Amino acid sequence: MDLTILAQTVASGLLIGLVFSLLAVGLTLIFGVMDIVNFAHGEFLMLAMYVTYWLWVLWGMDPLFSLPISALVMFILGALTYLLVIRYVLDAPMLAQIFSTFGLMIFLRFLAQVLWTEDYRRIRGSLLEGRIEIAGVFLGRPEVAAALGGIITTAILYWFLKGTRLGWALEATAEDRTVAALMGINTEWMFTLAWGIGSACAGIAGTLLATFYPIFPEAGAVFVLVTYVAVALGGFGNITGAFVGGILIGLLQVVGGFLWEPRFKDVLVYGVYLLVVLVRPQGLLGRR
Amino acid sequence: MSLLETHGLTKRFGGLVANQAIDFRLEKGELVGLIGPNGAGKTTFFNCITGFYRPDEGRVFFRGRDVTGWSPERICRAGIARTFQVVKTFRDMTVLENVMVGAFLRHPRPAAARAHAEAVLETTGLTHLADVQAGGLPIAYRKRLELARALATEPEVLFLDEAMAGLNPGEIQEAVAMVRRLWEQGLTIVLVEHVMEVVMPLAQRVVVLDYGQVIADDTPERVAKDPRVIEAYLGERFAREAREG
């Protein structure tokens, strides 16, 4: 087999995997702090894609520059989701929690359909367009930028969680919110922050994806389903685990699809998922 | 005004009155024992002061400020720390990390928080366990860790809820010595115990709760001889025998 093609495939898998990683990190952060799965995470991603698209179409703002804006918009949307919805189901039965974010997902998806129709939209001619070549392997510049964005964002988030007072307060709240309050930590604010940051991750991923992926109301669903698998693979609530899980999923999809059959790529993803659930239900990097 | 005061503090759970019109004063530098039979309302009283319950009636004043109904984190930032009867540690964190979470309250920089946490571990004799996961510690050490974490928030008043329960006699001695040392260093302490033997040698003043009401508030010696206290603990027959000699 041609080594260059294999290298090309591995590189592609790695690049898309890093976008999954960023999405998974945001999702797992929210889950870790709240024990609530945000089923609307993919729709936040989709909205970020539209934010990027409209800034591009209406004001000619390049995705590279609209990145912080869409991160901020999604931070606010995430924080509002907590303050207006999640706060009221914190102590509710799990089904109520599931339906609250599931309902939000349905609402946002169809809202996007109503507002912007089912049409596929694309951003063409951004600063990121083009390809680069490394040792005979061609990589799309948008994909490389997206992967770099994933790494940088995760690194910043990791530093924030491990190396700042606010990060420690978040982790303390994640472990036990009663004790965290006892230590003078405002847990309400921590929950809001977790939703904000987790959603901002989806915002960044959305903008980066919008440079090379079509923008349409169901775009979030395409990415987020395997993101749940990445989160579960890494161990729920585990940031490092989600990051590794995302890369693994990307590699499995692309390399597996290449070696076997592209249309079976998701069979591999969910096959590995089932295996992990059976052998190591706490996830690859999870504890207990 | 005293450092901490409650005026007519009342807490009901349905038809049950857990705390009934409690007037309580705490002076700076005191070591007060709060005792009473099981179910007398001691923990409820703690919860009302530290923001875990909102009292139905009455007010709580700390340093002259009305802190009634404040959230636990605000109470903690104001300078009141507490431990729980049922130990609550961050199980997945190490001993040092647990204490660091508390230290961050007054030391925003991670390096400073770590240094302060290490100092607290030193005074509580936990330094050798700094890197051990809290979830795996035996109960005596987890209780001590909870104390250390509360101290790390640098409180003015410390409420200890049954800090000695579940410890063996040797561990109780150590814990008593530590509480005394902290008090001598200037901390104001309220100690809840239902075992009188722990409180009597330690406290300057003992407040006795029974059925949610204060039935005695005096020195340990006089409280121990109070017929109403004996009755609450041992029943009426013993109280009569004690009276008759």
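No experiment lies behind these values; they were computed from the predicted model shown.

About the thresholds
- Residues numbered from 1 in each chain as written.
- Chains lettered and ligands numbered in written order.
- Predicted model: local features only at pLDDT ≥ 70, side-chain atom pairs only at ≥ 80, totals over all residues.
- Pairing = 2+ DSSP bridges.
- Helix = DSSP H or I, 4+ residues; strand = E, 2+ residues; numbered from the N terminus.
- Contact = placed C-beta atoms within 7 Å.
- Axes fitted to C-alpha atoms, helices over the stretch in contact; angles between N-to-C directions.
- pLDDT = per-residue confidence, 0-100.
- Buried ≥ 20, exposed ≤ 12 C-beta atoms within 10 Å, placed from the backbone.

**Student:** Help me understand the sheet that holds strand β4 (residues 57-62) of chain B, please; the structure alone is not making it clear to me.
**Tutor:** Across a sheet, strands are paired by hydrogen bonds formed along the backbone, either parallel or antiparallel in direction. All names here are of chain B. Read across the sheet, four strands follow the order β2-β1-β4-β5 without closing on themselves; strand pairing throughout is antiparallel. For this open sheet the edge positions go to β2 (16-26) and β5 (65-66), each flanked by a neighbour on one side alone. Alignment of β4 against β5, held across two bridges, turns out to be antiparallel. Its bridge partner being in β5, Phe-61 is matched across the sheet by Asp-66. Together, β1 (4-13), β2 and β4 form the strand contacts of helix α1 (residues 42-49), whose direction differs from that of β2 by roughly 65 degrees.

**Student:** Could you clarify how one ought to interpret the environment of Asn-38 of chain A in this entry?
**Tutor:** All names here are of chain A. Its place among the elements puts Asn-38 in the loop between α1 (3-34) and α2 (41-59). C-alpha separation for the pair Asn-38 and Ser-21, spaced 17 residues apart in sequence, amounts to 16 Å. Other than its neighbours up to four places away in sequence, Asn-38 contacts Leu-27, Ile-30, Thr-101 and Gly-198.

**Student:** Hey, could you run me through the confidence of the model for chain A in this one?
**Tutor:** Low-pLDDT stretches of the model should not have their predicted coordinates read in fine detail. Overall, the prediction assigns chain A a mean pLDDT of 90, with 99% of residues at 70 or greater. Averaged pLDDT values over the elements of chain A bottom out at 82 in strand β1 (residues 131-134) of chain A and peak at 95 in helix α8 (residues 187-210) of chain A.

**Student:** Hey, could you run me through unusual backbone geometry in this one?
**Tutor:** For residues other than glycine, phi is negative in most cases, and the peptide bonds are mostly trans. Backbone geometry places Asp-35 of chain A, a non-glycine residue, at a positive phi of 60 degrees. Mapped onto the fold, Asp-35 of chain A is located in the loop between α1 and α2. Given 14 C-beta atoms within 10 Å, Asp-35 of chain A falls into the partly exposed group. Even without glycine at this site, Tyr-211 of chain B takes up a positive phi of about 45 degrees. Counting through the fold element by element, Tyr-211 of chain B comes out in the loop between β9 (205-210) and β10 (213-218).

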